[in-house]
Amino acid sequence: MTGIEYADFVDTGYRPTDTDLVCEFVLEPGEGMDMMDAAGRVASESSNGTWAALNVSDRVTELSATAFDVGDGRIAVAYPGALFEGGNMPQVLSCIAGNIMGMKAVESIRLADCEWPEELATSFPGPQFGSRVKTEILDAEGRPATATVPKPKVGLSTEEHAQVGYDAWVGGVDLLKDDENLTDQSFNRFDERVKRSFEMRDRAEDETGDRKDYLVNITAETETMLDRLELVAEQGGGFVMVDVVTCGWSSVQTVREHAEKHGLAIHAHRAMHAAFDRLEHHGVSMRVLAQVARLCGVDHIHTGTAGLGKLENEDTVGINDWLKSDLYGTTDVLPCASGGLHPGIVEPLLDAIGTDVIVQAGGGIHGHPDGTAAGARAFRQAIDAYQAGVPAAEYAEDHAELAAALDKWGTD
Ligand code: CAP
Ligand code: MG
């Protein structure tokens, strides 16, 4: 029997094995601590140690995490794969982003990045479609898929909502999307909205000859989400949308299982992510949240607008690259850019993030001086201009809707 203390969780000579989960933390030690002291406490508390020295067998110490790289304000910790229950994301996060977030040994700590070992990564289902939605569910080959969220976010009646959807679809948008706080309120009931919107979707498909779809926000208590998912499938929808952070990963995992039974793709909205990732020195990075979402099996996730638009962003490009990178042969995730977008900033946006994305605009379509249908046309024209390699201002010379949008919002 040996006693394990905080210092036993640091070994700068250790080299991670290919079954270890390696986590990188940004860290500022707490009062009276140096980086080594704090690193030992983080590795200990997030694996199998505690404040008191414990007498344990070697079998137990083999499950200990090791802080193997202790730098200036950053540490890397290796967690043995056996610490984790495969396919259980809450359990994984309770280790690597659990008690340590509130330890006095750290002034602040941020889980910045993870390297997922194959066994753990593939214990999760991963996405079903990822970027293949563009060709398997939509007709968006070779260009960004487009989406719009009716504004005002909440308050439209069911009829108004379905009409906005129709106007946007026939204007050239691929996807109607519910807003994150629109679910089943008295002014716009879920069941009726879904039915009416898909009727309008069918009309728009007949008129345009293009496949159109609807990112239906099923966010709710898990059982309710499953009922809503069934209705979307019955009505011929291709997607469900989930506010993944507010719902929690356990319910996302359940939705993923049921989505597969019905061949539905999952659009992940990330409302509340900034509560974890906005502070650069504390919390959990968006990069890690995106990794977690991919493992749990979402097909799309919002990753920001590369600094354009109305919201603060963390490294959109780096996160998107990770979502598309090869992860043991699993399916990729299609990133969604959203938040203050309008036709005038489509060009710099696509320059920054490429065209294998969804671009989503609410105010930038419905706020068009001539209304939603014209707004949708303007948005689509901006994309078509980009695809043709023509500057938006030049394309606007013979595209009146785009001209009106550029006039209203400019190009930055
Ligand atoms: C955008 C949006 C999206 C945010 C989400 C909104 O509307 O509908 O929810 O973009 O943020 O409610 O703000 P606008 P993110 O197009 O009118 O701005 O994509 O960063 O998660
Ligand atoms: Mg929204």
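What you see is a predicted model; the values in this text were computed from it and never measured.

**Q** A description of the side chain of Arg110 should follow, citing residues and the corresponding values.
**A** Among the structural elements, Arg110 can be located in strand β6 (residues 106-115). A polar contact of 2.7 Å, which involves the side chain of Arg110, links it to the backbone oxygen of Leu279.

**Q** Run through the packing of aromatic side chains, naming residues and quoting values.
**A** This model, assessed by the stated rule, comprises two aromatic pairs. Here the aromatic rings of Phe198 and Tyr214 are separated by 5.5 Å at their centres, their planes lie at 55 degrees, and the arrangement is tilted. Here Phe198 is found in helix α7 (residues 190-208), whereas its partner Tyr214 is found in strand β9 (residues 213-217), with 16 residues between them in sequence. Residue placement shows Arg203 over the ring face of Tyr166; its charged tip is 4.5 Å from the ring centre.

**Q** I'd like to hear about the sheet that holds strand β13 (residues 300-302), residue by residue, with values.
**A** On the basis of which strands lie adjacent, the closed barrel formed by eight strands has the order β7-β8-β9-β10-β11-β13-β14-β15 and parallel pairing. Within the sheet, the average angular offset between the axes of one strand and its neighbour, ignoring direction, is 25 degrees. Note that strand β10 (residues 239-243) and strand β11 (residues 265-269) share five bridges and pair parallel. Residue pairing across strands places Asp243 opposite His269, the latter belonging to β11.

**Q** Residue-level account of the pairing of β10, with values.
**A** Within β10, five of the five residues are buried, which leaves it mostly tucked inside the rest of the structure. A two-sided burial pattern is seen for β10, the buried positions comprising Phe239, Met241 and Asp243 on one face and Val240 and Val242 on the other. One ladder, built from three bridges, connects β9 with β10; its direction is parallel. In the sheet register, Asn217 faces β10, and the bridge partner there is Met241. The handedness of the β9 to β10 crossover, carried by helix α8 (residues 222-234), is right-handed.

**Q** Quick one: what's the story with the pattern of salt bridges, residue by residue and with numbers?
**A** Throughout the structure, instances matching the rule amount to 21 salt bridges. Here Arg110 and Glu314 are joined by a salt bridge, their closest N and O atoms 2.8 Å apart. A residue pair is termed long-range when its members are at least 10 positions apart, and Arg110 in strand β6 and Glu314 in the loop between β13 and α13 (316-324) qualify at 204 residues. According to the relative accessible area criterion, Arg110 is buried, its value standing at 7%. Of the charged contacts, one joins Arg189 and Asp184 as a salt bridge, the two residues approaching to 3.5 Å between their closest N and O atoms. Take Arg189: its relative accessible area is 41%, and that puts it in the partly exposed class. Several salt bridges share partner residues, and in doing so they unite Lys151, Lys153, Asp179 and Glu180 into one network.

**Q** Just give me the short version of the UniProt feature "active site" (unreviewed entry) in the protein chain, but keep the residues and values in it.
**A** In the numbering used here, UniProt assigns the "active site" (unreviewed entry) feature to Lys151 and His269. Put simply, the named residues that line the largest pocket are Lys151 and His269. The topology assignment puts Lys151 in the loop between β7 (145-148) and α6 (158-170). Among all residues touching Lys151, those that are not within four sequence positions of it are Leu156, Asp179, Gly362, Gly363 and His366. Inspection of the secondary structure puts His269 in strand β11. A residue is classified by how much of its surface remains accessible, and His269, at 10% relative accessible area, is buried. Apart from the residues within four sequence positions on either side, His269 is in contact with Lys177, Glu180, Met241, Val242, Asp243, Val244, Val245 and His302. A polar contact of 3.3 Å, which involves the side chain of His269, links it to the side chain of Glu180.

Calculation criteria
- Residues numbered from 1 in each chain as written.
- Chains lettered and ligands numbered in written order.
- Predicted model: local features only at pLDDT ≥ 70, side-chain atom pairs only at ≥ 80, totals over all residues.
- Heavy atoms only, no water.
- Helix = DSSP H or I, 4+ residues; strand = E, 2+ residues; numbered from the N terminus.
- Polar contact = N/O pair within 3.5 Å; in protein donor to acceptor, adjacent residues only side chain to side chain.
- Phe/Tyr/Trp six-rings, centres within 6.5 Å; stacked < 30°, edge-to-face > 60°.
- Lys NZ or Arg CZ within 6 Å of the ring centre and 35° of its normal.
- Pairing = 2+ DSSP bridges.
- Axes fitted to C-alpha atoms, helices over the stretch in contact; angles between N-to-C directions.
- Buried < 20%, exposed > 50% of the residue type's maximum accessible area, 1.4 Å probe, protein only.
- Right-handed = clockwise from strand over helix to strand, strands pointing away.
- Salt bridge = Lys/Arg side-chain N within 4 Å of Asp/Glu carboxyl O.
- UniProt positions renumbered as here; feature names shortened; annotations may be inferred.
- 1 Å grid on protein atoms, 1.4 Å probe; cavity = no way out; pocket = protein on both sides within 12 Å on 5 of 7 lines; lining within 4 Å.
- Contact = heavy atoms within 4.5 Å.

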